[in-house]
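Remarks on the overall topology
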Amino acid sequence: MGFSYDIIVVGAGHAGCEAALAAARMGCSTALFGINLDTAGHMPCSPSVGGIGKGHLVKEIDALGGHMGRITDQTAIQFRRLNTRKGPAVRGTRTQNDKERYRALMKHTLERQSRLSLKQALITSLLLQDGRVAGVADESGTEYAARAVVLAGGTFFRGMVHLGTARIESGRAGELPANRLPDQLRDLGLRTGRMKTGTPARLNRRSIDFSRLREQFGDLEPRPFSLHTEQTPKTQISCFFGRTNERSHQIIRENLHLSPLYDGSIQGVSARYCPSIEDKIVKFPDRSFHNIILEPEGLDTEEIYVSGTGNSLPPQIQEDFVHSIEGLEEAEIMRPAYAIEYDYIQPQQLWRTLETRTVPGLYLAGQVNGTSGYEEAAAQGLWAGINAALRIQGRPPFLLDRSQAYMGVMIDDLVLKGANEPYRMFTSRAEYRLLLREDNADLRLLQKGYELGLHEEKAYKDLQRRLQAIRGEVDRLRSIRVTPGEEINSDLAGLGSSPLSHPVTLDKLLKRPELDYTFVKRRFPPQEDLSRSEEEQVEIEVKYEGYLDRQKAEADKFRQTEHIAIPGDLCYEDLPGLSNEVRQKLREHEPATLGQASRIPGMTPAALSLLRVFIQRRSRERE
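Residues numbered from 1 in each chain as written. Predicted model: local features only at pLDDT ≥ 70, side-chain atom pairs only at ≥ 80, totals over all residues. Heavy atoms only, no water.

Attention now goes to the sheet that holds strand β10 (residues 160-163). Spatial ordering of the open sheet is given by β11-β10-β19-β12, a layout of 4 strands whose pairing is antiparallel. The open sheet is flanked by β11 (166-169) and β12 (192-199), the only strands paired with a single partner. On average, adjacent strands in this sheet sit at an angle of 25° to one another, irrespective of strand direction. (Pairing = 2+ DSSP bridges. Helix = DSSP H or I, 4+ residues; strand = E, 2+ residues; numbered from the N terminus. Axes fitted to C-alpha atoms, helices over the stretch in contact; angles between N-to-C directions.)

So this is what it looks like as structure tokens:
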């Protein structure tokens, strides 16, 4: 074959871009294939990045050396930090982005990356040699050799767009699907399923009466996603809130028979957490309205994304529905809403590296694994790209567990439990979410990114400096004792805090809910100023000390079983005392560790105890 690479990535969406960039930066010759390179890094649905749980993933991608956070910051047109009145575990960053600028900057980043080649072609088959992947072939018959392949096909595997009674084979509206490759994956023994997602209509900004909608502004002091962002864009533009009404709902109810979601045309599983407007009205008949958000798609376009109104109804019905909403009576639909069905691969067939169990060297990332969202896809792409490179380099795999990162939670959920509906990240999925905050993603993961070769030494040294500064300031607060006095008690009274009756250390004083680090800094300034993020870490470490210590102890206990490996050649039939039901579950899920086995639904404490004893006995026998 004339073309040969270490790693080939198929699909240039968010997963594919992160996979290709990681593999190339780690020293592997890499080729990234897209059906249309002009759409590399495209945001086909919402013009936003992040949110609760999703924002945590973006921060972790950045901490490990990925690119989503950097490009998001440079193309953002609004920054908002969510849940600021709640605890630090559930605070999240969300941006509105200029979709065209995001796509252009991502493509430019890919083009400039050394050891990375961009190729426009429709990949139709995998090349195999001795049962493992050996490359790919495109529709012209051209073959490309590779030692590892990452498939990041998104919604393109047998994609079918539904718009009223129309059925259009398409990976996204107006783009070719990939139909032959998923057939080969089934022939290779991989179980596939069918999922459905969708996107709402886009309206012409000039046809909307914004005076009748509620404006939502961005934060006055934006907080970027990326550690590399020194300055955020100065231009921020507003989003607007509206709501449906009884007339809107009546239009939907009267035309449900025209929706492919309800006439039986769509067989794929819908996203429970991002329902279509038809689903909302059918499943919540008592609701008199549903909120919608009008989100600008960029600075140089008039298109407005109408979040909360995704549907698959005929265009005329969509127009009637939109015009029933206050402020949208004269709105012009530039692009209609539609639903899309596509094939996905059941992710229980993957190792934790995201390599398939049946075909060595083949990795899957993104929506092909049953997830939804740019952020989930990008995180998987980074994970798969890293592990593909490590395998080629003969290095140990890159793995994070549930106590280390939201990425670890997501990968564990997918490979252990599978995906029977589009998987979306929430903070509620993480048992140790107080440890896995957005604000400390760099402190948790940057060193790992540096060890992988995805960060420069400067970033690593800066991490060490920040860690030292935070530890030093916490120690200082614990060492300074504050004695009662007229001045300090007057200050406390002004903040609604009770006076001191006996000496206390500064950290104890900071634990009071009504006080913050700003008060402490003003009264007892440190020798060297801390950055805003460092001050935030100090305040969280002090205020939540008891909760953090308790969760760290729980995480330590979790790791005691999580890292006990189950031998790959273990035959569960040889273990006396296990019920047939437990044996079946273990064979089906193939847990890699005792910790994973403990999370299999229906697994009993007695069965886990038997497993632990057998593994320990076998380990002693082999010593």
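A word on the sheet that holds strand β17 (residues 303-307). An order of β14-β15-β16-β17-β13-β18 is seen for the 6 strands of this open sheet, with the pairing classed as antiparallel. Edge positions in the sheet fall to β14 (214-216) and β18 (333-335), since each has one partner strand and no second. Each strand axis lies, on average, 35° off the axis of its neighbour in the sheet, ignoring direction. The pairing of strand β13 (residues 202-204) with β18 spans 2 bridges and is antiparallel. From the neighbouring strand, Leu 203 faces β18, where its bridge partner is Ile 333.

Bringing the packing of helix α16 (residues 532-543) against helix α17 (residues 545-562) into the picture now. Running from amino to carboxyl end, α16 crosses α17 at an angle of 80°, the nearest separation of the two axes being 5 Å. One way to sum up the angle between α16 and α17 is to call them roughly perpendicular. Note on element contacts: α17 touches α16 through Glu 545, Leu 548 and Lys 552, opposite Ile 540, Glu 541, Val 542 and Lys 543. The residue makeup of the contact of α16 with α17, split by class, is 3 nonpolar, no polar and 4 charged. (Parallel < 35°, antiparallel > 145°, perpendicular 65-115°, else oblique. Contact = heavy atoms within 4.5 Å. Nonpolar A, V, L, I, M, F, W, Y, C, P; charged D, E, K, R; others polar.)

In this section: helix α12 (residues 457-479). Side chains that are three or four residues apart share a direction in an α-helix, a result of its 3.6 residues per turn. Here α12 contains 23 residues, and its C-alpha end-to-end distance of 33 Å stays within 8% of the 33 Å for a straight helix at 1.5 Å per residue. Residues of α12 that are buried make contact with α11 (441-452), β22 (504-505), α14 (506-510), α15 (517-523) and α16. (Expected span 1.5 Å × (residues − 1).)

In summary, soluble globular proteins display a tendency toward joint burial of nonpolar side chains. Counting residues in hydrophobic clusters, the biggest one holds 105 residues, and the most contacted among them are Ile 7, Ile 8, Val 149 and Leu 151. The dominant element in this core, judged by the number of residues it contributes, is helix α9 (residues 374-392), at 12 residues. If near-sequence neighbours (up to four positions away) are discounted, Leu 151 is found in contact with Val 10, Leu 126, Phe 157, Leu 181, Leu 185, Leu 362, Tyr 363, Leu 364, Ala 365 and Val 368. Core analysis: the second largest hydrophobic core is formed by 23 residues, Ala 201, Phe 240, Ile 277 and Ile 304 among them. (Core = buried A, V, L, I, M, F, W, Y, C linked by side-chain atoms within 4.5 Å. Buried < 20%, exposed > 50% of the residue type's maximum accessible area, 1.4 Å probe, protein only.)

Looking at where His 589 falls in the secondary structure, it is placed in helix α18 (residues 580-589). Within the local environment of His 589, its side chain forms a polar contact with the backbone oxygen of Leu 416, the two atoms lying 2.7 Å apart. Apart from residues lying up to four places away in sequence, His 589 is in contact with Gln 348, Arg 357, Leu 416 and Ile 600. (Polar contact = N/O pair within 3.5 Å; in protein donor to acceptor, adjacent residues only side chain to side chain.)

Shape is all these values report; function is a separate question.
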